[in-house]
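# Coordinate analysis (summary)
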Amino acid sequence: MHIDPLGEISHDPLAKIGMLMLATVTLMAIFAPLLSSYSPHDYTGEIFSPPSMDHLLGTDSMGQDIWVRLLYGARTSLLVAGAVALLSTLLSVLVGATAALAGGLYERFCMRIVDAMISLPTIIVMILVAAYLRPSLPLLILLISAFSWPGGARIVRSQVLSLKERMHINAARTFGAGWRHIVSTHIIPDLSPIISALMMQDARRAVFMEAGLAFLGVSDPMVISWGKMMHQALAFTYLDVWQWWLVPTGLALSATLIGISFLSCSLETAMNPRLKKDHARDNARYG
Amino acid sequence: MLSIRDLKISFGKTQILSGIDLDLEKGECLALVGESGAGKTTLGLSIMGLARGSATGEISFQKKNLLALPEDELRQLRGREMAMVFQNVEDALDPVQRIADQIAEAITVHRCISAKNAGDMALRHLLSVGLNGEKARLYPHQLSGGEKQRVLIAMALVNDPDLLILDEPTASLDALTKADIIRLFRSAILGRICIVITHDISLAAALADKMAVLYAGRIVEMGRAESLIRDPHHPYTRGLIRSYPDMTTTKDLQGIPGRLVHGLSGCPFHGRCTQRIDICSRQIPKQRELDGRIIACHRGGIVPLLEISGLSHTFQANYVLRDVFLTLYEGETLALVGESGSGKSTLSKTIMGLHEPDRGQFILEGCSVIKRDAAFYSRVQMIFQNPKESVSHRMNVLDAVQEPLLVQRESSYEARLGRAKEVLDLVELPVDDDFLKRYPHQLSGGEVQRVAIARALALGPKLLIADEPTSALDPSVQAKILKLLMNLQEKMGLAMLFVTHDIALARKVSDRMAVMHKGRIVEEGATNEVLIHPRHPYTRRLVDCALGRYGMENAEIEMMVEPEPVVLEKYC
């Protein structure tokens, strides 16, 4: 059956809301220098000042403008999300697809690695690794990617296994096509919905993980991160400052996560005909 | 005896007969078959000395060269030593004379005999062909066609000729009259040299023991009538037999593409032949004797396209194919039938290289297939069961059809587009830009299957493996697709391995049939023979089920099949 998931989700209201949320966060990140008059590392002198025209969300315990830090925090989140999505999906496809196509010992080896990776407790390993190495953004990206590709590799492998038995791929083989042709013209295009779903899932996990690790204190001190901001804000909940320090940061993080979730949910609905509402209705009527 | 050597007849610049060699002993009956215009009647007339064109060569009859004989002597021979029953019964009789008188005249011309005796003889002869005295007094227009035919036969036989030539003797007769006349002929030709000129193959089979196929003034194949009809070796003979129905014909009628042209250089049939090679258009093929058959073909008759020998394939220690021997000839449809799980699809996929066999050999056009390379795939292509699955849903019509060309490194887009349009045209699909840009889900099942067929044809294959090509389609679309495949076969000389479980379908499309059971081919033969006289119990059961007789249980057949040795018809 022919489905064009990317075309279909553009009509889905859920996807539209998700896109809107993500777009807002993205715009905040891109135009951060234009949306504020301070640098995120500036000390304005006043601490805990309430929201005003000068400081939209006031200042924090160090006297830094919270709004500016919120804007630059979006950059970190999206950067980690994007980089992890790319890196981890690339690994998933590479390992999953080659395992499915090559088969044999290589496939067994790859899949056992995947099993091993999945069974590791992610957060603890990451905290331990970050404790021994100096935490930095690239290291964080590598770590998160290293823990998110195995799941994707499983999915890609199973997809490729079923794809390579498809009739149109057999047909291509009867024209004398080699694996290179089959992979580039049949398998990769047919994998694209799966790949985009994987990327979104990885991005969502990356945002959450980055914030979570920063919240736990595992992050580069120089990097502005929503997780770290929330961690700092929590220390001052006895003051009014949490209203414009903790809540907006939490909202921004939630918006990013919910935006990605909505998009991937809508994509999944488009790809899985059983989840479609009208189909469900048809089934109820005729089934 | 009659012996013809290198007989050539031409009318003006057109050569009608170009080198006929023929030997007939007394008691032999030869059927001359071929399309109209092949020169059959001209050959008959020239033996009688009645052909008007200029003749060279030699026709020797009773030790005289008829071509060198003066007209007077020829006239002496005609009617007495050799007689001809003409094609058109309406014109052969004099409308103003009673028939008895016409026959008496034929007697008195050649014998010194009184008019009364001649009249008595005429009546006797008319009686022997089944016309009584009353009919003898009638005029030709008062007789029916069959009766007129009888008069002509009586007239031809009245002088007891040694050579009898029958030119389309039953062309205009109904089946019952024809049967009577054939009985009459059977007794008339005894002890004579007889030549039956006809395009009616069943008549030829009924009367003649030898058969010669004439094409554009040449004999392309000659042999025993029965074996020639059952197993034609020359592609033209096969085409002729395919276009002629008899009561056991099961396959749909197919014609021969193109039309007969006289005066071609090389093999006269090369323009219409689907297995021609370079030499065919340059050199006239010599008559050769092969397996008791005289045949004039550079390729020695219909060539085997794909030979499979000793093919075995196991899947998880189970035999899926066991010692399969199969030969596919150029331009024929071989139906591979059997229940699901009998190994039909595995066999076709193994041929295509989708499965690697454990043992066995493939020979394609005389060369052993070691590696399946581009050359192999451009000769052998496959059509799959479900068109919507076999054509990628991400490819539009043009992408799908040009994919094999891309795979085979046809780099120019124009060339690919041109070829794609050509093959789409062959499968009767539109070639406008709108259609080329459509996706499979925007087409009907039949259309997608046509696209798949066009895609398979893009590389110009000689062998098409069709694995249940219509089982996913509804009956009316199925009929159209099958017609299309048959037409393509006729046009391009495609050999087809038609894999199906539907015997009724196989019956309509195939020339030969191979029955598969548990990975073995248990029976193989001409489709009509296999279906009428199935020899293997499994085939019998398949045919019974197809006929709607569900008597035998599966277990019974198992018991019957196992102890019996598997009958294999091997082709060498």
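The structure reproduced in this document is the subject of the present report.

### A short note on the overall build of chain B
Scanning chain B from terminus to terminus reveals 23 helices and 22 strands. If one aligns the C-alpha atoms of chain B with their principal axes, the spans along those axes are about 90 × 60 × 40 Å. Taking all 572 residues of chain B together, the buried fraction comes to 45%. Of all intrachain contacts in chain B linking residues separated by at least 6 positions in sequence, the fraction that spans at least 24 positions is 66%.

### Some points on helix 16 (residues 413-426) of chain B
Residue and element names in this part refer to chain B. With 14 residues, helix 16 extends 20 Å between its outermost C-alpha atoms, agreeing within 8% with the 20 Å of an ideal straight helix rising 1.5 Å per residue. When helix 16 is considered as a whole, its buried residues turn out to be R419, A420, V423 and L424. Seen along its axis, helix 16 keeps its buried residues to an arc of 135 degrees; they face one direction. Exposed side chains of helix 16 directed beyond 90 degrees from the buried face belong to E414, A415, G418 and D425. Within two residues after helix 16, E428 carries a phi angle of roughly 65 degrees, on the positive side.

### A few points about the packing of helix 10 (residues 226-234) of chain A against helix 11 (residues 242-271) of chain A
All names here are of chain A. Direction vectors running N to C along helix 10 and helix 11 enclose 150 degrees, while the axes themselves pass 9 Å from each other. Our classification of the angle between helix 10 and helix 11 gives roughly antiparallel. Both helix 10 and helix 11 take part in a crossing whose hand is left-handed. The segment helix 10 lies against helix 11, with W226, M229, M230, A233 and L234 engaging W242, W245, L246, T249, G250, A252 and L253. Tallied by class, residues from the contact of helix 10 with helix 11 come to 10 nonpolar, two polar and no charged.

### Quick word on the nonpolar core
Ranked by size, the top nonpolar core spans 151 residues in total, and within it L336, V401, L497 and F498 of chain B carry the most contacts. Here the element with the most residues in this core is helix 4 (residues 66-102) of chain A; it accounts for 18 residues. Apart from residues lying up to four places away in sequence, F498 of chain B is in contact with T333, L334, A335, L336, A466, A506, V509 and S510 of chain B. Core analysis: the next-biggest nonpolar cluster, separate from the first, contains 89 residues, L17, I103, L207 and Y236 of chain B among them.

### What about the interface of chain B and chain A?
Taken residue by residue, the interface counts 22 residues in chain B and 16 residues in chain A. Counting only elements with at least two residues in the side of chain B that touches chain A, the list comes to helix 13 (374-377), strand 18 (380-383), helix 14 (387-390) and helix 15 (397-407) of chain B. Looking at the side of chain B that touches chain A, the element that brings in the most residues is helix 15 of chain B, giving three residues. Residue composition of the side of chain B that touches chain A, grouped by class: 11 nonpolar, seven polar and four charged.

### What to know about the pairing of strand 11 (residues 287-290) of chain B
Residues and elements named next belong to chain B. With four bridges joining them, strand 11 and strand 12 (residues 293-296) adopt antiparallel strand pairing. Counterpart to E289 in the pairing with strand 12 is I294. Taken together, strand 11 and the strand that follows it, strand 12, pair antiparallel across an intervening segment of two residues, in which D291 is found at a positive phi of about 45 degrees.

### Observations regarding the sheet that holds strand 16 (residues 359-364) of chain B
All names here are of chain B. A sheet is described by the order of its strands in space; here four strands give the open sequence 14-13-16-17, paired in antiparallel fashion. Each edge of the sheet is formed by a strand with only one pairing partner; in this case those strands are strand 14 (318-329) and strand 17 (367-368). Sheet analysis places strand 13 (residues 304-315) next to strand 16, joined by five bridges and oriented antiparallel. Note on strand 16: the bridge partner recorded for S312 is R359. The sheet contacts of helix 12 (residues 344-352) involve strand 13, strand 14 and strand 16, and relative to strand 14 the element is tilted by about 65 degrees.

### Some points on unusual backbone geometry
All names here are of chain B. Of note, D6 is a non-glycine position whose phi angle comes to about 45 degrees, a positive value. Judged by the 12 C-beta atoms lying within 10 Å of it, D6 falls in the exposed class. At Q62, a residue that is not glycine, the phi angle is positive and equals roughly 50 degrees. Counting through the fold element by element, Q62 comes out in the loop between strand 4 (54-61) and strand 5 (64-65).

### Some details on the pairing of strand 8 (residues 193-197) of chain B
All names here are of chain B. Where burial is concerned, most of strand 8 is hidden: five out of the five residues are buried. Both faces of strand 8 are covered, namely the face carrying I193, I195 and I197 and the face carrying C194 and V196. In this sheet, strand 8 lies alongside strand 3 (residues 29-33) in parallel orientation, the contact comprising four bridges. What sits directly across from L32, in strand 8, is I197.

Rules and cut-offs
Residues numbered from 1 in each chain as written. Chains lettered and ligands numbered in written order. Predicted model: local features only at pLDDT ≥ 70, side-chain atom pairs only at ≥ 80, totals over all residues. Helix = DSSP H or I, 4+ residues; strand = E, 2+ residues; numbered from the N terminus. Buried ≥ 20, exposed ≤ 12 C-beta atoms within 10 Å, placed from the backbone. Contact = placed C-beta atoms within 7 Å. Expected span 1.5 Å × (residues − 1). Arc of directions from axis to C-beta. Axes fitted to C-alpha atoms, helices over the stretch in contact; angles between N-to-C directions. Parallel < 35°, antiparallel > 145°, perpendicular 65-115°, else oblique. Left-handed = near helix turned anticlockwise from the far one by under 90°. Nonpolar A, V, L, I, M, F, W, Y, C, P; charged D, E, K, R; others polar. Core = buried A, V, L, I, M, F, W, Y, C linked by C-beta atoms within 7 Å. Pairing = 2+ DSSP bridges.

Such coordinate-based values are descriptive only and should not be taken to indicate function.
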